[in-house]
2 protein chains.
Amino acid sequence: MRVLITAGGTSEKIDNVRSITNHSTGRLGCLIAEKFLNRQVTVDYVTTAQAKHPVENKYLHSYEIASTQELTQQLQQLLQKNQYSAVIHSMAVSDFTPAQTFSQENFLEEINHLFKEKNRPLDKEDLAQLTTTTTSDEKKISSDTEQLYLVLEKTPKVIQLIKQIQPETLLVGFKLLVDVSKQSLIATARESMKNNQADYILANDLAKITEEQHIGYFIDRKGQILGEKHTKEDLAILIAETILSQNASSYRR
Amino acid sequence: MRVLITAGGTSEKIDNVRSITNHSTGRLGCLIAEKFLNRQVTVDYVTTAQAKHPVENKYLHSYEIASTQELTQQLQQLLQKNQYSAVIHSMAVSDFTPAQTFSQENFLEEINHLFKEKNRPLDKEDLAQLTTTTTSDEKKISSDTEQLYLVLEKTPKVIQLIKQIQPETLLVGFKLLVDVSKQSLIATARESMKNNQADYILANDLAKITEEQHIGYFIDRKGQILGEKHTKEDLAILIAETILSQNASSYRR
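- Where an unreviewed UniProt entry is consulted, chain A appears under the name Phosphopantothenate--cysteine ligase, with the organism given as Tetragenococcus osmophilus.

So, the interface of chain B and chain A
Okay, step 1: Every contact between the two is made by 44 residues of chain B and, on the other side, 44 residues of chain A.
Okay, step 2: Summing both partners gives a buried area of about 4,400 Å² for chain B against chain A, and 59% of it is carried by carbon and sulfur.
Okay, step 3: Counting the contacts that link chain B with chain A gives four salt bridges.
Okay, step 4: In this structure, lysine 124 of chain A engages glutamate 105 of chain B in a salt bridge whose closest nitrogen and oxygen atoms are separated by 2.7 Å.
Okay, step 5: If you look at where chain B meets chain A, you find 17 residue pairs in polar contact (both at pLDDT 80 or more).
Okay, step 6: Of all the elements in the fold, those that place two or more residues in the side of chain B that touches chain A are strand S3 (18-22), helix H3 (104-118), helix H4 (124-133) and strand S8 (147-154) of chain B.
Okay, step 7: Tallying contributions element by element places S8 of chain B first for the side of chain B that touches chain A, with eight residues.
Okay, step 8: Among the residues forming the side of chain B that touches chain A, the class breakdown is 20 nonpolar, 12 polar and 12 charged.
Okay, step 9: With five bridges connecting them, strand S3 (residues 18-22) of chain A and S3 of chain B associate as antiparallel partners. Looking across to S3 of chain B, one finds that serine 19 of chain A is bridged to threonine 21 of chain B.

Thoughts on the domain arrangement of chain A
Residues and elements named next belong to chain A.
Okay, step 1: Its domain assignment divides chain A into domain 1 (2-95 + 157-252) and domain 2 (97-154).
Okay, step 2: One C-alpha centre belongs to domain 1, the other to domain 2, and the line joining them spans 35 Å.
Okay, step 3: In this assembly, nine residues from domain 1 lie in contact with 11 residues from domain 2.
Okay, step 4: Taken together, both faces of the contact between domain 1 and domain 2 bury some 750 Å²; the carbon and sulfur share is 61%.
Okay, step 5: Taken together, the links from domain 1 to domain 2 amount to zero salt bridges.

Considering the sheet that holds strand S7 (residues 96-103) of chain A
Okay, step 1: Pairing within the open sheet is antiparallel, and its four strands lie in the order S7(A)-S8(A)-S8(B)-S7(B). Two strands close off the open sheet at either side, each with one partner strand: S7 of chain A together with strand S7 (96-103) of chain B. Going from strand to strand, the sheet's axes swing by 25 degrees on average, the running direction of each strand aside.
Okay, step 2: Two elements, strand S8 (residues 147-154) of chain A and S8 of chain B, share seven bridges in a ladder whose sense is antiparallel. Paired with tyrosine 149 of chain A across the bridge in S8 of chain B is valine 151 of chain B.
Okay, step 3: Sheet strands touched by helix H3 (residues 104-118) of chain A: S7 and S8 of chain A. Its angle to S7 of chain A, the strand with the most contacts, is close to 90 degrees.
Okay, step 4: Its contacts with the sheet place H3 of chain B against S7 and S8 of chain B, and it is angled at close to 90 degrees to S7 of chain B.

Cut-offs and rules
- Residues numbered from 1 in each chain as written.
- Chains lettered and ligands numbered in written order.
- Predicted model: local features only at pLDDT ≥ 70, side-chain atom pairs only at ≥ 80, totals over all residues.
- Heavy atoms only, no water.
- Contact = heavy atoms within 4.5 Å.
- Buried area = accessible area lost by both parts, 1.4 Å probe.
- Salt bridge = Lys/Arg side-chain N within 4 Å of Asp/Glu carboxyl O.
- Polar contact = N/O pair within 3.5 Å; in protein donor to acceptor, adjacent residues only side chain to side chain.
- Helix = DSSP H or I, 4+ residues; strand = E, 2+ residues; numbered from the N terminus.
- Nonpolar A, V, L, I, M, F, W, Y, C, P; charged D, E, K, R; others polar.
- Pairing = 2+ DSSP bridges.
- Domains from an automatic or database assignment.
- Axes fitted to C-alpha atoms, helices over the stretch in contact; angles between N-to-C directions.

Following this line, the structure appears as structure tokens:
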């Protein structure tokens, strides 16, 4: 049996010295990996330099990435090479990546130029022009301006790659919201399940995660809550045991 | 003898799950601290959770911060409490902090509204209105938009605090540029020395820093290059020895 686990948070470069980083300690992903390693399951572990790594183990293969683009390439390569019983995608992936940075002066110039040229309210296509016609290849953005305008563009949904390449694998997705009702968290998780063809979603709320506590709801394809756990350890056990028992029953069939 | 050393890179929150981070491993600051600790100098060490920390030592007092604001508060507190022979400010401090985030839709609405209201090319004051009149208290920015517009505002210059509170201390500043000529690097470092009332500046270029190599120029108040070193270890020795000998000579006086 072989599983693929992602953990930690991606970061997207603004310039050579600055990035936008998604915080994620990788601690839950790390615990999940340990549960599989304890059962002698081969684990391909995709993580970041900053995240917590599982202790070395002959069943563990680690791969470090930084950006969403590197993550995409690494997953494509692994998914094309190995057959996975399950993919547990706990990594916090950047939804946006910096496309363009303007000093306040540049930004005024560009936007005033656009308005003069169009002579009407601007629309989305006009804004797109802003990021494609101007060039920014600064190695380190000068701090010689009062404001910076950073335009970020959506990254492709990495999770959707997984079932595209391996429709048969069991996909566990993660949905993190911040300070919402349980109802709205579960509803969003169910939607995410459909959009990404996940088999399970771990739904959790940052406002309910502390050093000692991590409240999570593990939801199956029918949208039912398989379990509610209150610590990373219990969540890791629930996720690993669910996958392990699914795998065992698929062998029996 | 007591010194204050800062190391690592600050990060500025965009929302509860994302930050803009200045990359800095803190390795050079860590080596500098070790040189002082080896000479039984008390070191107050201000750093970040991600950066490399010196090994525990009875002369070492560590303080962790994340944002530029936290750094400012921590330095104010320490500088008011303790008298330092030197302050070695190697931390990479964010020049900008997120002031406002707009979805593409919001941004269009706001900017079109501004143009309609002013009916002339916009200026800096108009843009300031953009960040003060609109409210953004989103806990996690929704990814349900094609583009995000992030407006960043300049942070106060933390380094300038140091001599304001302790005019007598020896201040070592750091200037990092990316892929410039040696001449332009030295010129910028000299300017930074004047603006920040530093006594020494370590000027370095990210393009000349690799795993094994770290080229740096150590410049004194007169703008003279006291030394050029090619490794972090040699830079750390040069900086610590310069401060230690200055301190010894000031005792003899």
